[in-house]
Amino acid sequence: MVDKDILQVNYVSFKYNEESNDVLKDVSFSVRNGEWLAIVGHNGSGKSTLAKILTGILFPSKGKVSFREFDLNEDTIWDIRKKVGMVFQNPDNQFVGSTVNDDIAFGLENNGIHRDEMLKRIEFAVKQVKMEDYLESEPHQLSGGQKQRVAIAGVIALHPQLIILDEATSMLDPKGREEVIETIWKLKKDLNLTVLSITHDLEEAARADRMIVMKEGVIFAEGTPREIFKLDEELVSIGLDIPFPVKLSKELAKKGISLSKNHVTEEELIEELWTLGLKN
Ligand SMILES: Nc1ncnc2c1ncn2[C@@H]1O[C@H](COP(=O)(O)OP(=O)(O)OP(=O)(O)O)[C@@H](O)[C@H]1O
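Residues numbered from 1 in each chain as written. Predicted model: local features only at pLDDT ≥ 70, side-chain atom pairs only at ≥ 80, totals over all residues.

### Quick look at the environment of leucine 37
Part 1 of the reasoning: Turning to its location among the elements, leucine 37 is positioned in strand 3 (residues 36–41).
Part 2 of the reasoning: With 23 C-beta atoms packed within 10 Å, leucine 37 lands in the buried category.
Part 3 of the reasoning: When the C-alpha positions of leucine 37 and valine 195 are compared, they lie 6.2 Å apart, and in sequence the two are 158 residues distant.
Part 4 of the reasoning: Discounting chain neighbours no more than four positions away, the residues touching leucine 37 are Val31, Leu196, Ala208, Asp209, Arg210 and Ile212. (Helix = DSSP H or I, 4+ residues; strand = E, 2+ residues; numbered from the N terminus. Buried ≥ 20, exposed ≤ 12 C-beta atoms within 10 Å, placed from the backbone. Contact = placed C-beta atoms within 7 Å.)

So, in structure tokens, the structure goes:
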């Protein structure tokens, strides 16, 4: 394992039962300290199975997963779970407290954090996700995006070494999705968090530092979002939808409006379109 790797997946294969085929086949990759790695793939490509293996809900049939110097197994899983924060798909299933404050406090109490430290951590965490005005709000008063931001606050209050987001934006409306993606991006930048997001949403993945594309249980491609989106029709052929800014950059190029590069996020694209407008 390279020193800067937080998580390493080595030749992992998995089958649900003896008679069936492998649904993950020799999957190897690592998550580097401080990066945001997004794993994407169409339905059935093996993302959920991989997420369950990374969180110790399932164990590989072959190969191994290591968190820093520890191999993930039945003996180490509880210690490793204390260092890895998880945010899941359904915002309603993750809210355990009767208010935002209680919800974040719950996780801290479970981890034996004493009261003074707890108050400091809650204050810091809600600010990071811009939910400081909602401390006394109850779950039903919050949107899906706000609930996911509270879930993220609960995770960062525990000072994890890695956050895994398993389809954390897939049940949200576009506004909620954008809020959560922005929050992850900001936390990564401000707190140097290491993030692994598992998603079918390529617009979310476009914000990551690096992407892995899964197809039928194997790694189909690995690279920066810009490198991955160059695959273009190959991604479409495996059921993935190219993000809008990538499509628009391409169409503009066809019409002779050449941009400095193929933009992968809306922010980048708007920034350049804006300067083009000023020039003309
Ligand atoms: N409990 C199970 N028992 C048997 N086969 C399963 C089980 N869960 C998933 N599979 C199979 O494993 C393969 C990978 O499924 P998985 O759910 O990991 O993919 P996915 O990319 O997460 O897709 P989705 O987004 O639809 O969950 C599929 O062929 C699926 O049918």
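### Quick notes on the pairing of strand 3
In regular strands, side chains alternate between the two faces of the sheet.
Part 1 of the reasoning: The buried fraction of strand 3 is high, at 6 of 6 residues.
Part 2 of the reasoning: Burial of the side chains of strand 3 extends over both faces: Trp36, Ala38 and Val40 are buried on one face and Leu37, Ile39 and Gly41 on the other.
Part 3 of the reasoning: As judged from the 5 bridges shared by strand 3 and strand 8 (residues 195–199), these two strands associate in the parallel manner. Bridged to isoleucine 39 within strand 8 is isoleucine 198.
Part 4 of the reasoning: Across 5 bridges, strand 3 lies against strand 9 (residues 210–215) in parallel orientation. In the strand pairing of strand 9, alanine 38 is matched with methionine 211. (Pairing = 2+ DSSP bridges.)

### A few points about the site of the ligand
Part 1 of the reasoning: All residues adjacent to the ligand are Tyr16, Val23, Gly41, Asn43, Gly44, Ser45, Gly46, Lys47, Ser48, Thr49 and His200.
Part 2 of the reasoning: Counting residues per element, the shell around the ligand draws most heavily on helix 1 (residues 47–54), which supplies 3 residues.
Part 3 of the reasoning: Residue composition of the shell around the ligand, grouped by class: 2 nonpolar, 8 polar and 1 charged. (Near = placed C-beta within 6 Å. Nonpolar A, V, L, I, M, F, W, Y, C, P; charged D, E, K, R; others polar.)

### Overview of helix 7 (residues 174–191)
Given 3.6 residues to a turn, an α-helix orients residues that are three or four positions apart in the same direction.
Part 1 of the reasoning: Its 18 residues give helix 7 an end-to-end C-alpha distance of 25 Å, which sits within 8% of 26 Å, the value for a rise of 1.5 Å per residue.
Part 2 of the reasoning: Within helix 7, burial applies to Arg177, Glu179, Val180, Ile181, Thr183, Ile184 and Leu187.
Part 3 of the reasoning: Those residues of helix 7 that are buried are in contact with helix 5 (115–128), helix 6 (144–156), strand 7 (162–166), strand 8 and helix 8 (202–205).
Part 4 of the reasoning: Asparagine 192 sits one or two positions beyond helix 7 and adopts a positive phi of about 55°. (Expected span 1.5 Å × (residues − 1).)

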